[in-house]
Amino acid sequence: MLRSLTLKPSSLLFKFNFNFNTNSLRSRVVTTQAFSSAVSPPSKAIVYETHGQPDAVTKLVTVPGKELKENDVCVKMLAAPINPSDINRIQGVYPVRPEPPAIGGYEGVGEVYSVGSAVTSFSPGDWVIPSPPSSGTWQTYIVKDQNVWHKVNKSVPMEYAATITVNPLSALLMLEDCITLNSGDAIVQNGATSMVGQCVIQLAKSRGIHSINIIRDRHGVDEVKERLKHLGADQVFTENELEVKNVKSLLDGIPEPALGFNCVGGNSASLVLKFLRRGGTMVTYGGMSKKPVTVSTSSFIFKELSLRGFWLQNWLSTDKTEEGRRMIDRLLGLVQDGKLKYKMELTPFNDFNTALDKALGKLGSQPKQVIKF
């Protein structure tokens, strides 16, 4: 159960280096009244003091306002998603993570509340996202240097602006940067119902690229298939349907895929490999089954398959900020044109417990959870 508390000088607040004490609070109140843009409002935040299961270690705290330096921008958060990588960071198993105590969240969208004296690129009321993504988005107010923020069009639906950076950008990069694909080519992927999977289907469709999609067997599978086909999927198979000797006999006129995406591992990854043409490439960007990728010797020798990995964090750390922002703008343009969509559920910040339970899979299969502040 998420606990709510106001931090005191001897508690977590001191660990966050807010330099908070009774005298400074009195001074800060006076400063806020005299110069309303110099200090951010107090913020409510989802904090974890130690690594562990998110539903056990997270709590809602109130932290005082933070003084704005001349290049800082104070952003009132509007929405932020709960991504699997957010869960992994809190658990302490993600390769790049803040040391606790820390505030959860990694991407989101907010509205500029106030700016430092040297800031000219942003104005109160602008919508911005952290780009590259930045830790600590599960809070009502964030103060960070202006270089962290990227302005986005306010006409974009809030939940899409909040979620555009991690999953849709990953899908676009994997389609465009791994190998050269042309109209008429085909790709194959597992985890097709994931947000990345849904984006891959639509981005491929927009380029005339066929998609073969693998999903797990589940209740209501026919409905899931129809939903993916409505997004533009050419073919959708369950893993059980592919337990045949020759999966390529199911292609029905679609060319053998040159590129495959794997976010599951285990047998599901092997099914992706079976579809690939000679010289094809499989890109692994996740391992939801927690099982290894196993490749037959014949696939390497006789099919000359290539295996590689993709991690957005690594791409963003190679001085690709401006390129990434241009790609984000492209993706948001597709959203505005109705050519990119995926299932999400907006949940009020006050119901964070419920959103977290859904993100953890406690309540069965659920859409992407997006916190609305």
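Bear in mind the structure is a predicted one, so any value in this text is a computation, not a measurement.

Cut-offs applied
Residues numbered from 1 in each chain as written. Predicted model: local features only at pLDDT ≥ 70, side-chain atom pairs only at ≥ 80, totals over all residues. Heavy atoms only, no water. Helix = DSSP H or I, 4+ residues; strand = E, 2+ residues; numbered from the N terminus. Contact = heavy atoms within 4.5 Å. Disulfide = S-S within 2.5 Å. Buried < 20%, exposed > 50% of the residue type's maximum accessible area, 1.4 Å probe, protein only. Core = buried A, V, L, I, M, F, W, Y, C linked by side-chain atoms within 4.5 Å. Pairing = 2+ DSSP bridges. Phe/Tyr/Trp six-rings, centres within 6.5 Å; stacked < 30°, edge-to-face > 60°. Lys NZ or Arg CZ within 6 Å of the ring centre and 35° of its normal. Expected span 1.5 Å × (residues − 1). Arc of directions from axis to C-beta. Axes fitted to C-alpha atoms, helices over the stretch in contact; angles between N-to-C directions.

Caption draft 1: Examining the environment of Pro255 more closely. For Pro255, the location among the structural elements is in the loop between β12 (235-238) and β13 (259-262). Ignoring sequence-local partners within four residues, the contact set of Pro255 consists of Gly184, Asp185, Ala186 and His210.

Caption draft 2: Region of interest: the state of the cysteines. Using the criterion set out here, one finds 0 disulfides in the structure. Looking at the unpaired Cys178, the closest cysteine sulfur is the one in Cys263, lying at 14 Å. Using a relative accessible area of 14% as the deciding quantity, one classes Cys178 as buried. Lacking any disulfide linkage, Cys263 is separated from the closest cysteine sulfur, that of Cys199, by 12 Å.

Caption draft 3: Local environment of unusual backbone geometry. A cis amide bond, omega 5 degrees, links Pro100 with the succeeding residue Pro101. Along the polypeptide, Pro101 turns up in the loop between α4 (84-91) and β5 (102-103). The linkage connecting Ser131 with the following residue, Pro132, adopts the cis geometry, with an omega of 0 degrees. Within the fold, Pro132 resides in the loop between β7 (127-130) and β8 (141-145). Positive phi, normally seen in glycine, also occurs at Asp252, with a value near 55 degrees. On the secondary structure map, Asp252 appears in the loop between β12 and β13. Positive phi values are uncommon outside glycine, yet Lys290 reaches one of about 60 degrees.

Caption draft 4: Highlighting the nonpolar core. Grouped together as the largest cluster of nonpolar side chains are 45 residues, with contacts concentrated most on Val109, Ile164, Leu169, Ile187, Phe261 and Tyr342. Secondary structure elements with two or more residues in this core: β4 (72-81), β7, α5 (158-163), α6 (167-177), α7 (195-206), β13, α11 (312-316) and α12 (321-336). With near-sequence residues (within four places) excluded, Ile164 lies in contact with Glu107, Ile129, Leu169, Ile328, Leu331, Leu332, Val335, Leu340 and Tyr342.

Caption draft 5: Representation of the pairing of strand β3 (residues 58-63) in the model. Most of β3 sits inside the fold, with 5 of its 6 residues counted as buried. Where strand β2 (residues 43-48) and β3 come together, 6 bridges link them in antiparallel fashion. Paired with Ala45 across the strands is Val61, a residue of β3.

Caption draft 6: Region of interest: the packing of aromatic side chains. Overall, the coordinates contain 6 aromatic pairs when judged by the stated rule. An angle of 70 degrees between the planes, with centres 6.0 Å apart, marks the rings of Tyr94 and Trp311 as edge-to-face. Within this pair, whereas Tyr94 is found in the loop between α4 and β5, its partner Trp311 is found in the loop between β15 (306-309) and α11, the two being separated by 217 residues in sequence. A cation over a ring is seen here: Arg89 above Tyr106, with NZ or CZ 3.9 Å from the ring centre.

Caption draft 7: Molecular detail of α12. The end-to-end C-alpha distance of α12 is 23 Å, a good match for the 22 Å that 16 residues give at a rise of 1.5 Å each. The set of residues buried in α12 consists of Gly324, Arg325, Met327, Ile328, Leu331, Leu332 and Val335. Buried residues of α12, viewed axially, fall in a sector of 160 degrees; they line one side. In this structure, the buried side of α12 is in contact with β7, β9 (149-152), α5, α6, α7 and α11.

Caption draft 8: Structural detail: the side chain of Ser299. In this structure, Ser299 sits in helix α10 (residues 297-301). The buried category is assigned to Ser299, whose relative accessible area is 12%. If near-sequence neighbours (up to four positions away) are discounted, Ser299 is found in contact with Glu304 and Leu305.

Caption draft 9: The arrangement of the sheet that holds β15 in detail. The 6 strands are arranged β12-β11-β10-β13-β14-β15 in an open sheet whose pairing can be described as parallel. Both edges of this open sheet fall to β12 and β15, since each of them pairs with a single strand only. On average, each strand axis in the sheet is inclined to that of its neighbour by 20 degrees, with strand direction left out of account. Examined bridge by bridge, strand β11 (residues 210-215) and β12 share 4 bridges and lie parallel to one another. Its bridge partner lying in β12, Asn213 is registered against Val236. Helix α9 (residues 266-275) contacts β10 (186-190), β11, β12, β13, β14 (281-284) and β15 of the sheet and is inclined by roughly 170 degrees relative to β10.

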